[in-house]
Every structure is written in C-alpha cells, then in structure tokens.
Amino acid sequence: MLLIDAAWQGTVQLPELLFGAWLVYFFLVLLWERLLRQPLEEWRYASLVLLGAGFYFVNRYFQHAPFYSWIMNGLTLVLWIGWYRIGVRGRGSLLWSLAATLGFWAFTAAFVGFEQAGRFLVQRSGLHEFWFMLVNYAGFAALIWWRSLAGERRAGPKA
C-alpha cells in the first residue's frame, strides 16, 4: 500500500483545478484555432487539459515532499512530450512547429493563472465554495455547448 505522508500535502484544492480546467480548455481552443490556425480534434484538446491537470495531483499530495522537484520536472517533461506528440508533430512547417511547441509555455502559464485566480476567488471573495463550484459546473456546461456548436459547423448541414 502506498502511503502518502500528510506533511507532504500542499494547499491546492479541487475548486482551483476545476476553475482552471474549463477556462484553460477555452484558452487552448483559441490558441490552436485562432493563433496557430490549426484546429485539433476534441480528444486532443481534452488530452492536453488532462495532462496539464496532472500537476494538481503533484501539488495537492506532494508539494512538500523531498522529491517534489523531481516529480515536477518529470511531469513537465511528460506534458511537453505529450503536447508535441498530440498537437504539434507533423502539422506544419518548422517555424510553425516551433511556435506551436512554444505555445506549451503559454498553456502552462494560463492554466496556473486560472488556478491562482480560482484560489483568490475562493479565499478572498467571501463566496461560499458551493457557489464557486456552481460557477465551475456552469463553465463546463458552457464549454460543452460551445464545442458542440463548433462540431456542428465542421460537420456542415444535416442531410
């Protein structure tokens, strides 16, 4: 049985992750479709967000562990390789591939920024966590609706 020392745990909470996840999904779609002009399939967006969300587990359960930097560096490498393989490889010119690969840092900064905004809102807004979680729920619902509309546009008119 794997024992996780309680002293290793960080202060990161689930509402922060949820707030960051749906917002960074919007960001990711806009990055790939508007800036890089190479739309991805939805499973690719979802995979990249899921990989990025893996940092939540490290920060939640191992933030104060003596091997924290090893886990963070290893996870960063895994995410960067995943970013390249899922989104970049074989999609454009060398210059485009370099720009898309550097988009990884924008994605990371956005995810962290959204999570920190979530932390700030939960801790400083005076809102009960219930209302904050309700906003997250609505955000995910809006994301699903938005992406379903995009899928309908790509599919064209119904026969």
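A brief report on the enclosed structure follows. (Residues numbered from 1 in each chain as written. Predicted model: local features only at pLDDT ≥ 70, side-chain atom pairs only at ≥ 80, totals over all residues. Heavy atoms only, no water.)

## Things to note about the overall build of the protein
Check the secondary structure of the protein and you find 5 helices and 0 strands. For the protein, the α and β elements follow one another from N to C terminus as α-α-α-α-α. For the protein, the spread of C-alpha atoms along the principal axes amounts to about 55 × 40 × 30 Å. Taken over 159 residues, the protein has a buried fraction of 37%. Within the protein, counting contacts between residues at least 6 apart in sequence, those at least 24 apart form 75% of the total. For the protein, the computed accessible surface area is about 9,900 Å², with 69% contributed by carbon and sulfur atoms. Considering the protein, the positive charge centre built from 13 side chains and the negative charge centre built from 8 side chains are found 9 Å apart. (Helix = DSSP H or I, 4+ residues; strand = E, 2+ residues; numbered from the N terminus. Buried < 20%, exposed > 50% of the residue type's maximum accessible area, 1.4 Å probe, protein only. Contact = heavy atoms within 4.5 Å. Areas by Shrake-Rupley, 256 points an atom, 1.4 Å probe, with all protein chains shown as cover. Lys, Arg positive; Asp, Glu negative; His and termini not counted. Charge placed at Lys NZ, Arg CZ, Asp CG, Glu CD.)

## Notes on the nonpolar core
Leu28, Trp32, Trp83 and Phe111 are the most contacted members of the largest nonpolar core, which has 35 residues in total. Contributions of two or more residues to this core are made by α1 (14-35), α2 (42-61), α3 (68-88), α4 (94-124) and α5 (129-155). The biggest single contributor to this core is α1, with 11 residues. Those residues within four positions of Trp83 in sequence are excluded, and the remaining contacts are Leu28, Leu31, Trp32, Leu48, Val88, Ala100, Thr101, Gly103, Phe104 and Phe107. (Core = buried A, V, L, I, M, F, W, Y, C linked by side-chain atoms within 4.5 Å.)

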